[in-house]
Amino acid sequence: MQYIPPANLRGHDIEPLLAARGLTADWFNLHDFDPHSTANVARNAYAETMAKVPFHYRTAVASLPQLRTWIDGLVAVAREKQAERGGPIASIINGPSLLLLGVCGVGKTHEAYGAMRELAVSGVYAQWQVTTAADLYAALRPRYGVDSEAEFRKYRDARLLFVDDLGAERKPTEFTEEVNFRLINHRYEHHMPTLLTSNVEPKQLAERLGDRVTSRLAEMCERIPMKGNDRRRRAAA
Ligand SMILES: Nc1ncnc2c1ncn2[C@@H]1O[C@H](COP(=O)(O)OP(=O)(O)OP(=O)(O)O)[C@@H](O)[C@H]1O
Ligand SMILES: [Mg+2]
């Protein structure tokens, strides 16, 4: 792992993330020249994570206690695996999944990016990918010069995957159903942690995603219903 010297963190809103994990900015900026120190792992993970977080969510901090518990679980499993196998750093390989449900604008994407930012500063490394379901289908449409299977594996095999807006398309097609099934089935079978959001009502999930996907999600995910209304409209009012 590359050694990243401490940097100025002003404007990053990183303190609340560190505080949520009982850590401090002094710890994060520890200049110990050790590429495997947990602080250096956190600096690497944070830099990689912020390259994936959209500008709008760059200061997001998760507020739901279930997300904190989920991160605690992932961190604990990663540390256990490291203790079993040895290895210089703890990284995420297996763990539980989460499904955030709620109406449009309630804050699902904000919570999810907040969780990814918090996980980044934990000192445990996560190789992760993010996509919206719609972008995933678009990226996988067979077309000349694109290896759709390689693109699919990038998401399927990510150690941690965040899929935003699952089931948002009005009319599922055979193609979207097949992508959903192959993706969810693989992650289900291999216990690969996946963070999903959807604004589909719980009662309609099976109709939108099909029974086989919904059944797997029921077993692999803790469901977190988010209450409230559209924060975008509230902000505009
Ligand atoms: N806890 C929060 N604190 C401050 N702003 C928030 C919070 N949660 C959400 N927001 C803001 O509210 C707006 C809606 O949040 P977000 O984009 O996460 O909604 P969503 O549930 O993902 O909506 P959609 O289903 O349309 O994708 C955004 O501008 C976001 O930055
Ligand atoms: Mg969203």
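Above this text sits the structure in question.
Summary of the structure given here. (Residues numbered from 1 in each chain as written. Chains lettered and ligands numbered in written order. Predicted model: local features only at pLDDT ≥ 70, side-chain atom pairs only at ≥ 80, totals over all residues. Heavy atoms only, no water.)

Helices and strands together make up the secondary structure of the chain, namely 11 helices and 5 strands. In the chain, 82% of the contacts between residues at least 6 apart in sequence involve partners at least 24 apart. Total accessible area on the chain is roughly 12,100 Å²; 51% of this is exposed by carbon and sulfur atoms. Side chains of the chain give 31 positive and 29 negative charges; the mean places of these two sets differ by 3 Å. (Helix = DSSP H or I, 4+ residues; strand = E, 2+ residues; numbered from the N terminus. Contact = heavy atoms within 4.5 Å. Areas by Shrake-Rupley, 256 points an atom, 1.4 Å probe, with all protein chains shown as cover. Lys, Arg positive; Asp, Glu negative; His and termini not counted. Charge placed at Lys NZ, Arg CZ, Asp CG, Glu CD.)

All right, on to the nonpolar core then. In this structure, Phe28, Trp70 and Leu119 are the most contacted members of the largest nonpolar core, which totals 45 residues. Breaking this core down by element, the ones donating at least two residues are helix H1 (15-20), helix H2 (25-28), helix H3 (38-50), helix H4 (65-85), strand E1 (97-101), helix H5 (108-120), strand E2 (128-132) and strand E3 (160-164). With residues up to four places along the chain from it excluded, the contact list for leucine 119 reads Ile71, Leu74, Val75, Ile92, Val124, Ala126 and Leu160. Of all hydrophobic cores here, the second largest spans 23 residues; its members include Phe152, Leu166, Val179 and Ile184. (Core = buried A, V, L, I, M, F, W, Y, C linked by side-chain atoms within 4.5 Å. Buried < 20%, exposed > 50% of the residue type's maximum accessible area, 1.4 Å probe, protein only.)

What follows deals with unusual backbone geometry. One can expect most non-glycine residues to show negative phi and most peptide bonds to be in trans. Even without being glycine, phenylalanine 33 reaches a positive phi, approximately 60°. By the element assignment, phenylalanine 33 lies in the loop between H2 and H3. A residue is classified by how much of its surface remains accessible, and phenylalanine 33, at 62% relative accessible area, is exposed. With a phi angle near 65°, aspartate 165 is a residue other than glycine that sits in the positive phi range.

What follows concerns the site of ligand 1. Contacts to ligand 1 come from 14 residues, most closely from His56, Tyr57, Gly105, Lys108 and Thr109. Threonine 109 is positioned with one of its side-chain polar atoms (N or O) 2.7 Å from an oxygen atom of ligand 1. Protein chains bury 78% of the 630 Å² of accessible surface belonging to ligand 1 in isolation. When contributions to the shell around ligand 1 are tallied by element, the ones reaching two or more residues are H5 and helix H11 (231-236). With 3 residues, the top contributor of residues to the shell around ligand 1 is H5. (Near = heavy atom within 4 Å. Polar contact = N/O pair within 3.5 Å; in protein donor to acceptor, adjacent residues only side chain to side chain.)

These figures capture arrangement, not role.
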